[in-house]
Every structure is written in C-alpha cells, then in structure tokens.
Amino acid sequence: MTGTPVTGTPVPGARESVPAAPVAAPAPGPVPAKQRKRRRGSARFAGMAEEETVSAVVPPDAAPLRPEASGRTPRGARFARVAEAVRRTEPKPAAGSPDAAAAREAAETVGRLVRLRAEGRSGEAHALLVEIAHWPANRFPLLADELQRAALGADWATLLWEAASLPAGRVVAAADALAGAGRTGDGEQILRQGVARPAAEIGEAVLALAGAGARREVRALLDAYVRVRTPEEAARCVGPDPQTLVPLLLEAARGVSDERHWDVVHALRVAGFTV
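Rules used in this analysis
- Residues numbered from 1 in each chain as written.
- Predicted model: local features only at pLDDT ≥ 70, side-chain atom pairs only at ≥ 80, totals over all residues.
- Heavy atoms only, no water.
- Helix = DSSP H or I, 4+ residues; strand = E, 2+ residues; numbered from the N terminus.
- Buried < 20%, exposed > 50% of the residue type's maximum accessible area, 1.4 Å probe, protein only.
- Contact = heavy atoms within 4.5 Å.
- Areas by Shrake-Rupley, 256 points an atom, 1.4 Å probe, with all protein chains shown as cover.
- Arc of directions from axis to C-beta.
- Lys, Arg positive; Asp, Glu negative; His and termini not counted.
- Salt bridge = Lys/Arg side-chain N within 4 Å of Asp/Glu carboxyl O.
- Polar contact = N/O pair within 3.5 Å; in protein donor to acceptor, adjacent residues only side chain to side chain.

A. How the structure looks around the overall build of the chain. If you tally the helices and strands in the chain, you get 13 helices and 0 strands. N-terminal to C-terminal, the α/β element order of the chain is α-α-α-α-α-α-α-α-α-α-α-α-α. Here the chain, with 275 residues, has 30% of them falling under the buried criterion. Long-range pairs, those at least 24 residues apart, make up 58% of the contacts in the chain with a sequence separation of at least 6. Here the chain has roughly 18400 Å² of accessible surface; of this, 56% comes from carbon and sulfur atoms.

Here it is, written out as structure tokens:
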C-alpha cells in the first residue's frame with residue numbers, strides 16, 4: 001500500500017529549494033577621515049599636525065590675512081607659506097614707474113662711473129659727477145646707495161661737494177632727501193658745505209627762499225649757517241635786507257642755543273644793525 005509522503009521528509013533525488021539571498025543594503029558613503037590630533041610632546045610632529053589643521057579649514061585659494069590684522073606676528077615654519085604669500089601681495093614699483101626708472105638710471109650711471117675709474121679716465125669721471133650733481137634731489141639717496149655698493153666712497157664725497165655749490169634751495173632739498181632716507185649725516189654735511197659761500201650770497205638766498213614762502217628751507221639754511229660760521233660772519237649776511245634778515249637770523253641763532261643767540265646779537269650791534 002502506497003502511503004502519502006510525510007510533509008517535510010526529503011524525497012531522494014529531488015532538488016532542494018535554495019532560500020533567496022537577502023537584499024544587500026546600500027553601501028554607506030565614505031566615512032570622513034578623522035582629523036589627526038596634534039601629538040603632544042613631540043616637537044618634530046607639531047608643525048605637521050597644525051599644518052594639516054590649517055589646510056583642512058582654509059581654502060587653498062583664500063587670500064592670506066596680513067599679520068598686523070590680528071595684532072600678532074605669526075612665528076614658526078608653519079606660517080612660512082602664508083608669509084611668502086603676503087610678501088607676494090606687497091605692492092612693488094612697476095617696471096615703467098618713475099621710481100623704477102630713477103633706480104635704473106642711477107645704477108647705469110654708477111656702472112659707467114666704475115668703468116671710467118677702471119680705465120683711469122679721471123677727468124671724464126669727475127665731469128660725470130658734476131653732471132649728476134644737478135639731478136633732482138630725490139635721486140641723491142639712490143646715488144648714495146649705488147656708489148656705496150660700488151665701493152666709490154670718495155666719489156660720493158666729491159658728489160656732495162659739487163652739489164653743495166648749487167643754489168641754496170636745491171642744497172636744502174638734497175639735504176632733506178638724504179635725511180628722509182636715513183642719511184642724516186650726509187644731509188648735514190651738504191648743508192655745512194653749502195653755507196661755505198660769501199655772507200652776502202647767503203643773505204640773497206635766504207631772501208629768495210623767504211619771498212617764495214619756503215620757511216622750512218630758510219630755517220634749515222640759517223641753522224646750518226649759524227652753527228658753522230662765526231657770529232661776526234653770520235651778522236654780515238643780513239646786509240642785503242636787514243629789516244627782513246635780522247629777525248630770521250636771530251630766530252635761527254636762538255634755536256641753536258641761548259649763548260649763540262647773544263653772541264649774534266652782540267655781533268649785529270657791533271656791525272651797526274639795530275636789534
């Protein structure tokens with residue numbers, strides 16, 4: 001008698017049914033890498049850790065902040081790239097700007113002077129110095145730097161001497177330019193040499209400057225004159241116009257010292273001028 005097979009009993013030769021595989025869940029997105037923590041106590045890794053932190057926060061094309069914006073100056077190798085970027089953003093004279101042209105002309109002229117000296121052509125070298133002594137006052141610091149770089153200190157002294165013979169206003173302008181560039185000693189020297197001229201000529205120069213409203217130039221010229229010349233020589237410079245020049249001379253003398261002021265007062269009275 002053939003019975004009905006018991007449910008669940010495997011039949012020989014029959015293929016077992018394979019259960020369906022479960023549906024795979026979608027793959028998770030890339031997990032952000034953890035930011036590397038700064039390793040404490042290891043100086044050689046400190047810069048690396050902080051550099052990674054900076055690069056993770058600051059976009060590569062972000063404009064660097066200037067150090068003075070925070071009131072503190074960045075230090076350490078990790079700021080090297082930022083500092084270099086700041087330097088690249090500093091304004092520089094354009095190739096065709098007046099400053100760049102003046103610097104180039106000064107360098108070329110001093111190079112020419114070096115060649116003349118090397119060839120023993122002293123006369124032409126001196127003539128070149130006389131020529132550049134008439135250059136604008138703001139180029140004197142450039143010439144000073146180039147001559148110093150070329151080890152032509154004697155030629156710089158000659159140039160100052162030649163420039164000191166220019167009209168008084170130009171002498172004062174050259175002295176101002178040198179002092180403004182940090183060459184106070186050279187500025188004082190050209191003034192001292194510039195007042196080594198006849199007293200009447202100094203008086204005429206002061207009158208011309210005063211008439212043009214150049215009060216600062218007047219003070220600079222008379223200050224140097226009172227310091228370098230004797231009170232008697234200083235008193236003689238007021239001859240061209242005593243009414244205008246006596247007060248200016250006394251003001252300059254008072255600026256030097258009380259003693260020099262009284263010496264000039266005495267010299268003026270002896271010379272017959274009313275004080």
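B. Highlighting helix 6 (residues 153-163). Among the residues of helix 6, those classed as buried are Asp155, Trp156, Leu159, Leu160, Glu162 and Ala163. Axial view of helix 6: buried residues confined to an arc of 165 degrees, hence all on one face. Facing away from the buried surface of helix 6 by more than 90 degrees, the exposed residues are Ala154 and Trp161.

C. Main features of unusual backbone geometry. Of note, the phi angle at alanine 151 is positive, near 60 degrees, even though the residue is not glycine. Turning to its location among the elements, alanine 151 is positioned in the loop between helix 5 (140-149) and helix 6. Taking relative accessible area as the criterion, alanine 151 reaches 66% and is therefore assigned exposed.

D. Expanded view of the side chain of glutamate 162. Structurally, glutamate 162 is set in helix 6. Although glutamate 162 is buried, it makes no salt bridge; arginine 117 carries the closest opposite charge, 9.8 Å away. In contact with glutamate 162, other than residues within four places in its own chain, are His126, Val130 and Ala133.

E. Structural context of the side chain of arginine 197. Mapped onto the elements, arginine 197 comes out in the loop between helix 8 (184-194) and helix 9 (199-211). Judged by relative accessible area, which is 12%, arginine 197 ranks as buried. Within the local environment of arginine 197, its side chain forms a polar contact with the backbone oxygen of leucine 166, the two atoms lying 3.0 Å apart. Here arginine 197 is in contact with Ala164, Ser165, Leu166, Pro167, Ala168, Val171, Ile202 and Arg229, once residues within four sequence places are set aside.

F. Representation of the pattern of salt bridges within the structure. Scanning all chains against the criterion turns up 13 salt bridges. Here glutamate 105 and arginine 139 are joined by a salt bridge, their closest N and O atoms 2.4 Å apart. Within this pair, whereas glutamate 105 is found in helix 3 (residues 98-118), its partner arginine 139 is found in the loop between helix 4 (122-132) and helix 5, the two being separated by 34 residues in sequence. A residue is classified by how much of its surface remains accessible, and glutamate 105, at 32% relative accessible area, is partly exposed. Note that arginine 197 is salt-bridged to glutamate 201, the shortest N-O span being 3.4 Å. Each of Glu119, Arg121 and Glu124 takes part in a single network of salt bridges with overlapping partners.

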